[in-house]
Amino acid sequence: MHVVEDEANRFRVFFDRTGEVTFIAVHVDYRATISANGHTIVERDKWMDTFYPDGTARTVGNTAHIKGTGPGLVQHDAGQLMFNSDGSVAAIHGPHPQFEGQTFCFALLP
C-alpha cells in the first residue's frame, strides 16, 4: 500500500464579553491518495470541529469523501456528530459509515 496525505488545520478561539472562552473552532482540510493492488482512491475531506467549555464537542462537514476510479464514490461521511463531555456520542445526523466502522479497503482489493 502507498499513501500520500496532507492535512491543514486552522483554529480560532471565541470569547464572550467577559473574556471567557465560548468555544474553539478547528477547520480541517484533509487530502490523501491511497494506492494498492493496482487501484487508487482519493480522499478529500473538509470539516469543522467545535469544542465547548463544558467538554462537549461537535463535528460538522465532510469527514470522509473517498472516490475511486471504478466504483466512483467509495465512501461518504457527511453531516454532524455531537459528543458528550465524556467523549461518548450524543447524536449522529447524516450518513457516517466510516465513523460507524465501515472500511474503504474493498475498493483496493485485487
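See the structure shown above.
Residues numbered from 1 in each chain as written. Predicted model: local features only at pLDDT ≥ 70, side-chain atom pairs only at ≥ 80, totals over all residues. Heavy atoms only, no water.

Trainee: How would you explain a nonpolar patch on the surface if you had to name every residue and give the values?
Mentor: A surface patch of nonpolar side chains, amounting to about 380 Å² of accessible area, comprises Phe 11, Val 13, Phe 15 and Val 21. With three residues, strand β1 (residues 2–15) is the largest single contributor of residues to the nonpolar patch. Relative to the elements of secondary structure, Val 13 occurs in strand β1. Val 13 gets classed as partly exposed once you look at its relative accessible area, which sits at 33%. (Patch = residues over 30% accessible without salt bridge, like charges linked within 9 Å, V, L, I, M, F, W, Y side chains within 5 Å. Areas by Shrake-Rupley, 256 points an atom, 1.4 Å probe, with all protein chains shown as cover. Salt bridge = Lys/Arg side-chain N within 4 Å of Asp/Glu carboxyl O. Helix = DSSP H or I, 4+ residues; strand = E, 2+ residues; numbered from the N terminus. Buried < 20%, exposed > 50% of the residue type's maximum accessible area, 1.4 Å probe, protein only.)

Trainee: Go over unusual backbone geometry with me, naming the residues and quoting the values.
Mentor: Most peptide bonds are trans, and most residues other than glycine sit at a negative phi. Phi at Asn 37 is positive, roughly 55°, even though this residue is not glycine. Locating Asn 37 in the fold gives a position in the loop between β2 (21–36) and β3 (39–51). On the accessibility criterion, Asn 37 (52% relative accessible area) is exposed.

Trainee: Any details on a positive patch on the surface? Residues and values, ideally.
Mentor: A cluster of like positive charges, contributed by Arg 10, Arg 12, Arg 31 and Lys 46, occupies part of the molecular surface. With respect to the helices and strands, Arg 31 occurs in strand β2. (Lys, Arg positive; Asp, Glu negative; His and termini not counted. Charge placed at Lys NZ, Arg CZ, Asp CG, Glu CD.)

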